[in-house]
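Residue-level structure breakdown
Spelled out, the chains give:
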Amino acid sequence: MAEKKVIAVVGATGSQGGGLARAILADADGGFAVRALTRNPDSDTARELAALGAEVVKADLGDLRSLTDAFDGAHGAFLVTNFWADMSPEREKQEAATMARAAKAAGVAHVIWSTLEDTRDYIPLDDERMPTLMGSYKVPHFDAKAEANQFFTDAGVPTTFLQTTFYWENLLGPMAPRRGDDGRLVLAMPMADSLLAGIAVEDIGRTAYGIFRRGGDLIGRTVSIAGEHLTGKQMAEHLSAALGEDVAYVPVPFDVMRAQPFPAAAESGNMFQFYAEVPQFNAVRDLDVVRGLNPQLQTFQQWLDAHKHAFAAA
């Protein structure tokens with residue numbers, strides 16, 4: 001039997017990387033093996049991946065040597081950053097640059113870089129519809145990733161640019177439906193009546209696996225993904241069906257979202273305004289294309305049905 005191609009997965013103990021690692025490990029005859037990169041190989045999640053058959057390697061996104069060593073001998077690499085760890089676009093760009101240099105030095109044949117659109121291409125810094133943040137961005141965690149694309153191109157790294165979107169898992173945490181004073185469940189989202197491109201986080205990993213399985217024909221290309229495009233009202237209707245009780249959608253004004261008392265409020269308000277007011281974001285996310293890479297792509301209702309117990313706990 002031919003030796004399996006190793007895919008080095010940054011963030012293998014997190015959401016996107018974890019989805020890819022598990023997709024590869026679940027396909028025993030797929031011809032690929034997982035090298036899970038993590039800062040903490042002794043974490044419970046890292047141990048679980050090792051038990052499933054992954055090679056677990058310690059690596060730090062800020063350390064070029066450790067990353068180069070971790071990529072050595074790998075056919076492919078899935079690269080992702082966690083903006084929310086310290087909410088610094090400059091650090092995010094620095095980490096991306098380090099990963100690009102390491103992938104080039106190690107001779108990785110195919111990189112998937114998890115990225116997003118540059119919101120300033122659609123809403124310039126001088127556009128007063130939304131505030132400019134940190135002096136240089138409209139939505140920092142989008143714009144920094146988009147800027148970082150150039151690091152991979154300039155380094156000559158064979159890269160597929162995977163543009164992701166809103167995780168439905170957010171509805172199990174800070175955006176979960178809340179019970180109002182009248183006892184009714186309310187889904188409050190700053191989306192007006194626009195369509196939101198959402199996806200189950202495990203489908204990001206499965207789609208990335210589909211890209212690796214396709215070989216090199218998607219190198220140099222951008223793949224934009226979603227699981228379904230739904231309005232807040234439609235999402236509330238699906239939630240009602242899944243939870244067995246009425247869920248009302250309440251559109252939160254963007255300025256109200258930006259004024260909330262949590263650190264990422266302004267960024268979140270800008271992000272949802274971008275989702276709501278830039279139709280090109282949805283237009284490039286062709287569900288048939290995504291399903292071609294990931295035949296298991298879930299609809300929102302399928303994802304909800306699989307997570308009923310988690311909503312009950314929330």
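Each remark here, short or long, concerns the structure printed above.
Notes on the structure in this doc start here. (Residues numbered from 1 in each chain as written. Predicted model: local features only at pLDDT ≥ 70, side-chain atom pairs only at ≥ 80, totals over all residues. Heavy atoms only, no water.)

Next up on the list: the pattern of salt bridges. Across all of its chains, the model carries 23 salt bridges by this definition. When the shortest N-O distance is used, the salt bridge between Glu147 and Lys93 registers 2.9 Å. Separated by 54 residues along the polypeptide, Glu147 in helix H5 (residues 140–155) and Lys93 in helix H4 (residues 89–106) bring together distant segments of the chain. Judged by relative accessible area, Lys93 falls into the buried class, the value being 12%. Glu147 is the partner of Arg120 in a salt bridge, and the nearest nitrogen-oxygen pair spans 2.8 Å. Of this pair, Arg120 sits in the loop between strand E5 (110–115) and H5 while Glu147 is found in helix H5, placing the two residues 27 residues apart along the sequence. For Arg120, a relative accessible area of 18% puts it in the buried group. (Salt bridge = Lys/Arg side-chain N within 4 Å of Asp/Glu carboxyl O. Helix = DSSP H or I, 4+ residues; strand = E, 2+ residues; numbered from the N terminus. Buried < 20%, exposed > 50% of the residue type's maximum accessible area, 1.4 Å probe, protein only.)

What follows concerns helix H9 (residues 265–277). A rise of 1.5 Å per residue sets the reference length of H9, with its 13 residues, at 18 Å; its end C-alpha atoms lie 18 Å apart and thus fit the reference within 8%. Within H9, 11 of the 13 residues are buried, which leaves the element mostly enclosed by the surrounding structure. For H9, the complete set of buried residues consists of Ala265, Glu267, Ser268, Gly269, Asn270, Met271, Phe272, Gln273, Phe274, Tyr275 and Ala276. If you follow the buried residues of H9, they end up packed against H5, strand E7 (166–167), strand E9 (185–189), strand E10 (195–199), helix H8 (254–258) and helix H10 (280–283). (Expected span 1.5 Å × (residues − 1). Contact = heavy atoms within 4.5 Å.)

When two helices pack together, their arrangement is given by the angle between their axes and by how far apart the axes lie. The interhelical angle for the contact between helix H1 (residues 15–26) and helix H2 (residues 44–52), taken along N-to-C directions, is 20°, at an axis separation of 10 Å. If you check the angle between H1 and H2, you find them roughly parallel. Note that H1 runs across H2; the crossing there is left-handed. Only Thr45, Glu48, Leu49 and Leu52 of H2 make contact with H1, whose side of the interface consists of Ala21, Arg22 and Leu25. (Axes fitted to C-alpha atoms, helices over the stretch in contact; angles between N-to-C directions. Parallel < 35°, antiparallel > 145°, perpendicular 65-115°, else oblique. Left-handed = near helix turned anticlockwise from the far one by under 90°.)

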